[in-house]
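Okay, here's what each chain looks like letter by letter:
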Amino acid sequence: MNADLSLEHIYFSYKNTPVINDFSLEVQQGSFTTLLGSSGCGKTTLLRLISGFLEPQKGLIKINDQVQNGILPNKRKIGMVFQDYALFPHLTVEQNLLYGLKLNSGKSQLFSKKVREQNLEQVHETAKNLDLLPFLKRYPSELSGGQQQRVALGRVLILQPKILLMDEPLSSLDTNLRIKVREELKSIQQKLKITTIYVTHDQEEALSLSDNIVIIDEGAIIEHGSPSELYYTPKKKFTANFIGQANFVKWNNNYLIRPEWLEVSARPNPGEQVSAGGTIETEAKVAGGVNISRDNLATITNTIFLGDNLARITNTIFLGDITRLELLYNGQKLIADTKSLPTNDYKIGDMVAIKFLHKWKIEE
């Protein structure tokens with residue numbers, strides 16, 4: 001597959017302070033790529049460099065192998081959807097969609113009946129694709145947040161850009177609407193097969209929308225890959241910590257253990273023998289009154305036992321469909337996500353048996 005966009009060793013600074021530093025990336029044709037990072041990491045600056053509103057001090061920006069450095073934004077065939085949508089409040093949906101087409105038509109064509117008819121045809125086709133036909137005569141103030149977002153997207157798509165840039169377009173929406181709109185957005189992108197570069201600091205958005213995620217920190221790429229690769233098999237601890245919840249456990253190597261990779265069994269009763277799947281050289285008794293014999297207590301040495309081990313609950317957090325348990329295990333703090341059930345009765349201070357279902361070796 002061909003790269004629609006190539007960034008080659010891009011460097012950009014404000015007042016001699018590097019913002020983007022030796023940044024190289026290829027974005028494949030028709031893909032949905034998300035730039036993910038915390039505020040101030042350089043995500044929006046990258047969009048402005050790609051679109052031509054800023055120029056890099058070093059490096060090349062290429063679209064279809066054509067160098068774009070020095071080319072004006074309106075000549076790059078790039079569309080950009082801003083965080084605040086930037087709709088004209090005094091224009092209807094139809095007029096907002098027409099605006100860019102009128103500019104492209106040029107003054108000499110403004111009064112051409114043929115051009116006006118062609119423009120209106122494009123408006124109706126775009127509105128149809130975005131389910132906006134019933135709202136063409138409405139003003140932005142008469143639309144929901146999701147409808148406004150679609151108008152902003154339509155105003156860009158009607159110009160048939162080669163690449164679509166989106167700068168945190170869902171950040172102002174409430175949670176339920178944000179989920180609905182992002183599903184619509186992904187569906188539209190797949191339908192139109194337009195190369196999309198999306199900026200967000202929201203990991204859930206990145207995981208649900210993207211074909212490829214680029215993790216950025218201090219203007220540089222930490223790691224990039226598919227959502228499943230970065231979640232299940234990240235190379236860097238920074239990535240694992242930034243995407244999803246993570247436990248980092250050190251045995252003979254450093255391991256990532258996601259909260260759902262821990263299985264928690266109901267706490268043992270005081271005086272009950274606990275089968276732990278490992279061995280220890282001396283008999284012991286742990287706080288909470290659980291007696292453990294030398295033949296059935298598990299301890300962590302340099303091997304991870306895929307059996308039952310004891311941990312103490314230090315906190316419980318009810319999150320609806322899951323209950324998050326904060327645990328103290330062999331001097332290390334862990335979090336485990338368990339399915340929320342009315343019968344759950346986890347209490348702070350309880351001892352529970354945990355099983356490590358999976359682990360992933362990771363670099364610092």
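Quick caveat, the model's predicted, so the values are computed rather than measured.

A.B. asks: Sorry if this is basic, but what is going on with the sheet that holds strand 5 (residues 66-67) here?
C.D. replies: In any sheet, the strands associate via hydrogen bonds between backbone groups, in a parallel or an antiparallel arrangement. The four strands are arranged 2-1-4-5 in an open sheet whose pairing can be described as antiparallel. Both edges of this open sheet fall to strand 2 (17-28) and strand 5, since each of them pairs with a single strand only. Where strand 1 (residues 3-14) meets strand 4 (residues 58-63), five bridges bridge the pair, whose relative direction is antiparallel. Each bridged residue has a counterpart across the sheet, and for Tyr11 the counterpart in strand 4 is Lys58. Relative to strand 1, helix 1 (residues 43-51) is tilted by about 115°, and along the sheet it contacts strand 1, strand 2 and strand 4.

A.B. asks: For this particular structure, what's the right way to read the packing of helix 4 (residues 145-157) against helix 5 (residues 175-192)?
C.D. replies: Helix packing geometry: the angle between the two helix axes and the distance between the axes. For the pair helix 4 and helix 5, interaxial distance at closest approach is 10 Å and the crossing angle is 25°. Relative to helix 5, the element helix 4 lies roughly parallel. As helix 4 packs across helix 5, the resulting crossing turns out to be right-handed. From helix 4, Gly145, Gly146, Gln149, Arg150, Leu153 and Leu157 reach across to helix 5, where they touch Leu177, Val181, Glu184, Leu185, Ile188 and Leu192.

A.B. asks: What should I look at first to understand the nonpolar core in this one?
C.D. replies: Within the largest apolar cluster, 31 residues are counted, with the highest numbers of intra-cluster contacts made by Leu153 and Leu164. Taken together, the elements giving at least two residues each to this core come down to helix 2 (93-105), helix 3 (113-129), helix 4, strand 7 (163-167) and helix 5. Here this core gets five residues from one element, more than from any other, and that element is helix 4. Leu153 has contacts with Val81, Leu130, Leu164, Met166, Leu185 and Ile188, leaving out every residue within four places of it along the chain. Of all hydrophobic cores here, the second largest spans 26 residues; its members include Phe12, Ile20, Ile78 and Ile216.

A.B. asks: Please explain the environment of Asp202 as it appears in this structure.
C.D. replies: Of note, Asp202 is situated in the loop between strand 8 (195-200) and helix 6 (203-209). When the C-alpha atoms of Asp202 and Leu36 are compared, they prove to be 7.5 Å apart, with 166 residues separating the residues in sequence. Ignoring any residue separated from it by four or fewer positions in sequence, one finds Asp202 in contact with Leu36 and Arg178.

A.B. asks: Would you mind going over the environment of Tyr139 with me for this structure?
C.D. replies: Its location among the elements puts Tyr139 in the loop between helix 3 and helix 4. When near neighbours in sequence (up to four residues on either side) are disregarded, Tyr139 contacts Pro89, His90, Leu91 and Thr92.

A.B. asks: Which parts of the structure should I look at to understand unusual backbone geometry?
C.D. replies: Apart from glycine, the bulk of residues carry a negative phi angle, and the bulk of peptide bonds sit in the trans form. Here the phi dihedral of Lys15 falls at roughly 50°; this positive angle occurs in a residue that is not glycine. Assignment of secondary structure puts Lys15 in the loop between strand 1 and strand 2. Positive phi, normally seen in glycine, also occurs at Lys77, with a value near 55°. As for its placement among the helices and strands, Lys77 is situated in the loop between strand 5 and strand 6 (78-81).

A.B. asks: Quick question: what am I supposed to make of the packing of aromatic side chains here?
C.D. replies: Both the distance between ring centres and the angle between the ring planes are used here to describe each pair of aromatic rings. All chains considered together, the criterion is met by nine aromatic pairs. Here the aromatic rings of Phe88 and Tyr99 are separated by 4.7 Å at their centres, their planes lie at 55°, and the arrangement is tilted. Linking Phe88 in the loop between strand 6 and helix 2 with Tyr99 in helix 2, this pair joins segments that are 11 residues apart in sequence. Ring geometry for Trp251 and Tyr255: centres 5.6 Å apart, planes at 55°, overall tilted. What makes Trp251 buried here is its relative accessible area of 7%. Ring pairing ties together the aromatic residues Trp251, Tyr255, Tyr329 and Phe356, which thus form one cluster. Here the guanidinium or amino end of Lys237 rests over the ring plane of Phe248, the centre of that ring lying 4.9 Å away. Looking at Arg258, its charged tip hangs above the ring of Tyr231, at a distance of 4.1 Å from the centre.

What counts as what
Residues numbered from 1 in each chain as written. Predicted model: local features only at pLDDT ≥ 70, side-chain atom pairs only at ≥ 80, totals over all residues. Heavy atoms only, no water. Pairing = 2+ DSSP bridges. Helix = DSSP H or I, 4+ residues; strand = E, 2+ residues; numbered from the N terminus. Contact = heavy atoms within 4.5 Å. Axes fitted to C-alpha atoms, helices over the stretch in contact; angles between N-to-C directions. Parallel < 35°, antiparallel > 145°, perpendicular 65-115°, else oblique. Left-handed = near helix turned anticlockwise from the far one by under 90°. Core = buried A, V, L, I, M, F, W, Y, C linked by side-chain atoms within 4.5 Å. Buried < 20%, exposed > 50% of the residue type's maximum accessible area, 1.4 Å probe, protein only. Phe/Tyr/Trp six-rings, centres within 6.5 Å; stacked < 30°, edge-to-face > 60°. Lys NZ or Arg CZ within 6 Å of the ring centre and 35° of its normal.

Coordinates in, geometry out; function isn't part of it.
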